[in-house]
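# Working through the structure, step by step
One-letter residues, chain by chain:
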Number of protein chains: 2
Amino acid sequence: MNHIISVLVENKAGVLAKISGLFSRRGYNIESLAVGPTDDEKISRITLVVDADEHSVEQIIKQLYKLINVIKIQELEPSNIVERELVLMKVNADSKTRGEIVEIVNVFRANIVDVAKKTLIIEITGGSQKVKALQDLLRPFGILELVRTGKIACTRGSKY
Amino acid sequence: MNHIISVLVENKAGVLAKISGLFSRRGYNIESLAVGPTDDEKISRITLVVDADEHSVEQIIKQLYKLINVIKIQELEPSNIVERELVLMKVNADSKTRGEIVEIVNVFRANIVDVAKKTLIIEITGGSQKVKALQDLLRPFGILELVRTGKIACTRGSKY
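What counts, and at which threshold
- Residues numbered from 1 in each chain as written.
- Chains lettered and ligands numbered in written order.
- Predicted model: local features only at pLDDT ≥ 70, side-chain atom pairs only at ≥ 80, totals over all residues.
- Heavy atoms only, no water.
- Buried < 20%, exposed > 50% of the residue type's maximum accessible area, 1.4 Å probe, protein only.
- Helix = DSSP H or I, 4+ residues; strand = E, 2+ residues; numbered from the N terminus.
- Pairing = 2+ DSSP bridges.
- Salt bridge = Lys/Arg side-chain N within 4 Å of Asp/Glu carboxyl O.
- pLDDT = per-residue confidence, 0-100.
- Least-squares fit on C-alpha atoms with pLDDT ≥ 70 in both.
- Contact = heavy atoms within 4.5 Å.
- Buried area = accessible area lost by both parts, 1.4 Å probe.
- Polar contact = N/O pair within 3.5 Å; in protein donor to acceptor, adjacent residues only side chain to side chain.

## With respect to the pairing of strand β2 (residues 30-37) of chain A
Taken residue by residue, a regular strand's side chains alternate between the two faces of the sheet. With seven of its eight residues buried, β2(A) lies for the most part within the structure. The pairing of β2(A) with strand β3 (residues 43-51) of chain A spans seven bridges and is classified as antiparallel. Note that in β3(A) the partner of Ile30(A) across the bridge is Val50(A). Counting the residues in the hairpin turn of β2(A) and β3(A) gives five residues. Two elements, β2(A) and strand β2 (residues 30-37) of chain B, share three bridges in a ladder whose sense is antiparallel. By the bridge assignment, Leu33(A) is partnered in β2(B) with Val35(B).

Here it is in C-alpha cells:
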C-alpha cells in the first residue's frame, strides 16, 4: 500500500542522501519524492510516497527520527489531506490532431503551455487518478515526454 | 547559479540514494528535487535544481553518467524550457481576512482547495517568481504550512 510521509528537515547538503539511503538500505523503492524549501529557507520539506506495509512504515519513521537534521515526520492520512501533483506532458500534435487534443485538455481543465509545429506541452494539476485518466487519453497521440513532480500534500484545517 | 538537471533513471530501489549521495559527497546542496515515474513505469525522471558553477555541473554530469541505472542526463537551458512548480500553502484566514485573501488568490489565478474556520489552503502553479510574489503577499496573514514540489521542466518543441 502507498503511504505518504512528510518530513521536515534542515536545508543542508547531504540530508536527502541520508534519507534516501535509509530507504534504499531497507530495500524500499520510493515511488515519488518532492523536496523544496518551506517558507523558512533554512528548513525544507520532503514529501515522499513509499509502497510498504504498516509495520515497515512505522519502522522507517522510527529510523528517520534517529537522523540528525530531521525535525519532524508525519504520516499523512489520505482522508484528511489535500493531495496534488503537477505533470507536464509533451505530446505529438499536428494540424489534424491539435483540435481534438485541445478539447480533451479543456475537459480536464488542464492548460496548454507550449505550442509548436508538431507538439504541444500540457500542464495538469490534480490527484493521481485525474492525471492517469488524461495520460490514458493522450497516449494514442504519442506522449514524447512526461515529467511529474510527485505528490505533495497538506493536512486540512479543522472544518466548520 | 542555479542549474536544472533532468535525469532519466531506472525505477528501482536505491537509485535516488546513489544520485543524492553523489551530490552530497561533493558538498553540493540540492535546492529542489522532484522524482516520479514517466509514461513508462519502469523509468523515472528526476528533475533537480543545484546551485553550482558551470565547471562543477559538468563534473557532476560526468559522474552521474558513471552510475548504473542512469539512462540519460540533460542540463536544461532556461531559455528553451517550460518550467513549473506546484505549491500548497495553508494560511491563517478568519471571517475578517478571508475576503482579502480570496482577492489576492484570484489575481494570481491560484486556487483555494480547502476552507476551514481559521485557515485556507491555496494551490498555485507557476514559475518561481510568481510563487514568491504570492508568498510575500500572504506572509503577513501567517503562512502555517508551505509545501512545494520543486521545479519540473520540459524542453519546448521546435517553434513555427
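## Observations regarding the pattern of salt bridges
Under the criterion given, the structure shown has 20 salt bridges over all chains. Salt-bridge contacts for Arg139(B) lead to Asp39(A); the nearest nitrogen and oxygen are separated by 2.8 Å. Placement of Arg139(B) in the loop between α4 (128-138) and β8 (143-148) and of Asp39(A) in the loop between β2 and β3 is noted, with the two residues assigned to different chains. You can call Arg139(B) partly exposed: its relative accessible area is 38%. By relative accessible area, which is 22% here, Asp39(A) ends up partly exposed. For Glu145(B), the salt bridge is made with Lys90(B), and the minimal N-O distance between the two is 3.8 Å. With Glu145(B) in strand β8 and Lys90(B) in strand β5 (residues 81-92), this residue pair connects regions lying 55 residues apart in the sequence. We classify Glu145(B) as buried; its relative accessible area is 15%. By relative accessible area, which is 8% here, Lys90(B) ends up buried. Within the structure, one salt-bridge network assembled from shared partners comprises Asp39(A), Lys132(B), Asp136(B) and Arg139(B).

## A look at the confidence of the model for chain A
Considering every residue of chain A, the mean pLDDT works out to 93; 98% of them sit at 70 or more. Scored as a complex, the prediction yields pTM 0.91 and ipTM 0.90.

## Notes on the relation of the copies chain A and chain B
With an axial shift of 0.0 Å and an RMSD of 0.0 Å, the rotation relating chain A to chain B amounts to 180°. The relationship between the two copies is best expressed as a two-fold rotation axis. The position closest to the rotation axis in chain A is occupied by the C-alpha of Ala34(A), lying 2.2 Å away. Most of the interface of chain A is mirrored in chain B, where 100% of its interface residues again form contacts.

## Considerations on unusual backbone geometry
Residues and elements named next belong to chain A. Phi angles above zero are rare outside glycine, and Arg109 is one such case at about 50°. Mapping Arg109 onto the fold places it in the loop between α3 (98-107) and β6 (111-115). With relative accessibility at 75%, the residue Arg109 sits in the exposed group.

## Things to note about the interface of chain A and chain B
Each partner contributes residues to the interface: chain A has 59 residues there, and chain B has 59 residues. Summed over both sides, the interface between chain A and chain B buries roughly 5000 Å², with carbon and sulfur atoms accounting for 57% of that surface. Where chain A touches chain B, the interface holds six salt bridges. In this structure, the salt-bridge partner of Arg156(B) is Asp114(A), at a minimum N-O distance of 2.9 Å. Inspection of the region where chain A meets chain B yields 20 residue pairs in polar contact (both at pLDDT 80 or more). For the side of chain A that touches chain B, the secondary structure elements donating two or more residues are α1 (15-25), β2, β3, β5 (81-92), β6, β7 (119-126), β8 (143-148) and β9 (152-155) of chain A.

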